[in-house]
Amino acid sequence: MVVGDWALILNLVSIGLLGLFILHALQSIFWLFISEKLADFSPKSRKSLLLVWVACPYVLSTVITLFFYLSITGPFELLDEVAHWHHAYVFHFDSWHGFLLLGFIAYIVWQLSKVIRRWVIHSSDIKSLNLLSRVISSTSNSNSSPEVSNYYLLDSAKPAAFVAGIIKPRCYLTNGLKRQLTEEELNIVLQHEQAHLTSNDALSKCLFNLLCIFYPGFTKKPIKMSYALALEQIADQKVLKSHTGFDVAATLVKVAKLQNSYKTDFSYCYFGSEHIALRVNELITPGHKKSFPIIISLISLALLLFSTLSVIDASHHLIESLFTH
Amino acid sequence: MVLGELEKQVLQYLWAHPDSDVKQVHSVLATQRGGGTLNTIQSTLDRLFKKGVLSRHKKGLAYYYQAKLDREHLIAKLIDNVTSDFISEGENSLIAAFSSISSDLDDSQLEELENLIKQQRKARG
């Protein structure tokens, strides 16, 4: 048992965690209703919305922790009426708060070790790829690609173009893809990859994935896929400055067909199954899309904040009246 | 799998001259910048063998090494490794690809998309 200021800190951390889990649960329910509406927004707005969405539980749980801190220590009686915490200066490790705290620490350590392990393996493979590739200055090859910087050419028959590397992202292209594309198609592919490079999409994806670790599987995957789709569509849109949507869409389908011919070599999991069709559709029939809904977002955040505060207070009372502490 | 600069040089030599022993590798690499001593080359060959990149057999007292994969296949393997996050864990991908590498759209569905693009292009003049 811990008593005093340390107990207050541990209780506040427990409150923050409880808030974090409740917010994730509430968001997972809301996701079922709003996921289809996302398509109405422009890719940039969708990216911002998704970033706000995944950051929201962390920001709001911090606000909630601060609220409880003021309710416990401050002279604000009104706050105490909205939500309050019993035994603020006593913390038992063998209580449900203790189990919540220790479970959270164990989960975070497990998840972070997985992320670090993947990062190390990924970085090692990229270093080896760099050693075995040739740097090509693409601007010298084409007058129509002034915005495209260097890329790494890989001697492989597999058709692939991708940006990899979290801290120092680089663009990779295989000979297998390069020799089957026209100069214009190659320029489209490189400009798309350049867009990923300049936006630091690999890092952005990595951080986004980290923020998603507490969502249950049924919402985690679609949230991440929506984000990946938004990033791809933003990169597609940047190519539209120098190419038509039809040309970009046609190149996308051509590359997908080339990759299909290598299906036996890749172990497919059907990731992004809908991405190509959705991206083509966006490119050839660009309609008016909604922009970031600031007011609705603020109202939703306020609603989430107050529902979570009430749920924390209610669940605390419920658990402690049903079970011994 | 991480390859160092010297490991790359050793591999390149073995791609050009398969079935070589440490002295043969060293005789060529020693003339290059950063080629290393005989002991360094021996450790590099051992390391590559342990990483599964080289195979070896004994002739007399010496081991003779050869690359298990040629340059193109090694690159293909590394691309697979880098993109395997993309493929096996999908949403956890750390890469951003022009086309999503795996697609459940088969060729006929992709042709439909192609036709749609042509139709729309025509309709817009």
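All figures in this text were calculated on a predicted structure; none of them were measured in a lab. Counting of residues starts from 1 at the beginning of each chain's written sequence and follows it residue by residue. Labels follow written order: the first chain is A, the first ligand is 1, and so on. The predicted nature of this model means local features are confined to residues of pLDDT at least 70 and side-chain atom pairs, given and counted, to a pLDDT of 80 or more, with totals for whole chains, interfaces and linings taken over all residues. Side-chain figures throughout are based on the complete set of non-hydrogen atoms in the structure, without hydrogens or water.

### Points about the overall build of chain A
Okay, step 1: Labels follow the DSSP assignment, with helices taken as runs of H or I lasting at least four residues and strands as runs of E lasting at least two, numbered in each case from the N terminus. Helix and strand counts for chain A stand at 11 helices and six strands.
Okay, step 2: In this analysis, two residues are considered to be in contact whenever any of their non-hydrogen atoms come within 4.5 Å of each other. At a minimum sequence separation of 6, the contacts of chain A that also span at least 24 residues come to 71%.
Okay, step 3: As displayed, chain A has an accessible area near 15200 Å², and 67% of this comes from carbon and sulfur atoms. Note on areas: these come from Shrake-Rupley sampling with a 1.4 Å probe, and a residue is covered only by the protein chains present in the view.

### Points about the overall build of chain B
Okay, step 1: Broken down by element type, chain B carries five helices and three strands.
Okay, step 2: The N-to-C order of helical and strand elements in chain B reads α-α-α-β-β-α-β-α.
Okay, step 3: Taken over 125 residues, chain B has a buried fraction of 41%.
Okay, step 4: Considering only contacts within chain B whose residues lie at least 6 apart along the sequence, 44% involve residues at least 24 apart. Buried residues are those whose accessible area, probed at 1.4 Å on protein chains only, stays under 20% of the maximum for their type, while exposed residues exceed 50% and partly exposed ones sit between those limits.

### A closer look at the packing of helix α1 (residues 5-16) of chain B against helix α2 (residues 22-29) of chain B
Residues and elements named next belong to chain B.
Okay, step 1: Two numbers describe how α1 lies on α2: the axes approach to 10 Å, and their chain directions differ by 110 degrees. It follows from the interaxial angle that α1 and α2 lie roughly perpendicular. The handedness of the crossing between α1 and α2 comes out as right-handed. Here Leu6, Gln9, Val10, Tyr13 and Leu14 of α1 lie close against α2, whose contacting residues are Gln24, Val25, Val28 and Leu29.
Okay, step 2: When the residues that make up the contact of α1 with α2 are grouped by side-chain class, the tally is seven nonpolar, two polar and no charged. To define axes, lines are fitted to C-alpha atoms, for helices over the stretch in contact only, and angles between the resulting N-to-C directions are given on a 0 to 180 degree scale. If an angle is under 35 degrees, it is roughly parallel; if it is over 145, roughly antiparallel; if it lies from 65 to 115, roughly perpendicular; otherwise it is oblique. We call a crossing left-handed when the near helix sits turned anticlockwise from the far one by less than a right angle, and right-handed when that turn is clockwise. Any residue outside Ala, Val, Leu, Ile, Met, Phe, Trp, Tyr, Cys, Pro, Asp, Glu, Lys and Arg is labelled polar, Gly included; the first ten of those are nonpolar and the last four are charged.

### Digging into the environment of isoleucine 223 of chain A
Okay, step 1: With respect to the helices, strands and loops of the structure, isoleucine 223 of chain A is situated in helix α8 (residues 217-239).
Okay, step 2: Isoleucine 223 of chain A sits 169 residues away from valine 54 of chain A along the chain, and the two C-alpha atoms are 8.8 Å apart.

### Thoughts on the pattern of salt bridges
Residue and element names in this part refer to chain A.
Okay, step 1: Salt bridges are counted wherever a side-chain nitrogen of Lys or Arg sits within 4 Å of a carboxyl oxygen of Asp or Glu. Within the structure shown, the criterion is met by 14 salt bridges over all chains.
Okay, step 2: Residue glutamate 185 is joined to lysine 254 by a salt bridge in which the shortest nitrogen-to-oxygen separation is 2.8 Å. Placement of glutamate 185 in helix α6 (residues 183-198) and of lysine 254 in helix α9 (residues 245-260) is noted, with a sequence separation of 69 residues between them.
Okay, step 3: Taking relative accessible area as the criterion, lysine 254 reaches 25% and is therefore assigned partly exposed.
Okay, step 4: With a closest N to O distance of 3.8 Å, arginine 279 and glutamate 232 form a salt bridge. A residue pair is termed long-range when its members are at least 10 positions apart, and arginine 279 in helix α10 (residues 275-284) and glutamate 232 in helix α8 qualify at 47 residues.

### A short note on unusual backbone geometry
Okay, step 1: The phi angle at asparagine 200 of chain A is positive, at roughly 55 degrees, despite the residue not being glycine.
Okay, step 2: Note on placement: asparagine 200 of chain A falls in the loop between α6 and α7 (201-211).

### Points about the confidence of the model for chain A
Okay, step 1: Summary statistics for chain A give a mean pLDDT of 84 and a share of 90% for residues scoring 70 or more.
Okay, step 2: Per-residue confidence from the predictor is given as pLDDT, running between 0 and 100. Here residues 264-273 of chain A is modelled with pLDDT under 50, and outside its nearest four sequence neighbours on either side it reaches 33 contacts, counting other chains as well.

### So, the side chain of glutamate 232 of chain A
Okay, step 1: Judged by its relative accessible area of 6%, glutamate 232 of chain A falls in the buried class.
Okay, step 2: Side-chain polar atoms of glutamate 232 of chain A contact the side chain of histidine 192 of chain A, separated by 2.8 Å. Whenever two N or O atoms come within 3.5 Å, that pair is a polar contact, provided that in protein one can donate a hydrogen and the other can accept it, and provided that, for residues adjacent in sequence, both atoms are side-chain atoms.

### Notes on a nonpolar patch on the surface
Residue and element names in this part refer to chain A.
Okay, step 1: Patch membership requires over 30% relative accessible area and the absence of a salt bridge. Like charges are linked within 9 Å, and nonpolar side chains (Val, Leu, Ile, Met, Phe, Trp, Tyr) within 5 Å. A surface patch of nonpolar side chains, amounting to about 620 Å² of accessible area, comprises Ile29, Phe30, Leu32, Phe33, Ile34 and Phe218.
Okay, step 2: Looking at the secondary structure, you find isoleucine 29 in helix α1 (residues 5-34).
Okay, step 3: Exposure remark for isoleucine 29: the relative accessible area of 46% places this residue in the partly exposed category.

### Examining the pairing of strand β2 (residues 62-67) of chain B
Residues and elements named next belong to chain B.
Okay, step 1: Pairing of strand β1 (residues 54-59) with β2 involves six bridges; the strand directions are antiparallel. Following the sheet pairing, lysine 59 is matched in β2 by alanine 62.
Okay, step 2: Note on pairing: DSSP must find at least two bridges between two strands before they are called paired. In textbook terms, the turn of a hairpin is the stretch between consecutive antiparallel strands, and for β1 and β2 this stretch comprises two residues, one of which, glycine 60, has a positive phi near 65 degrees.

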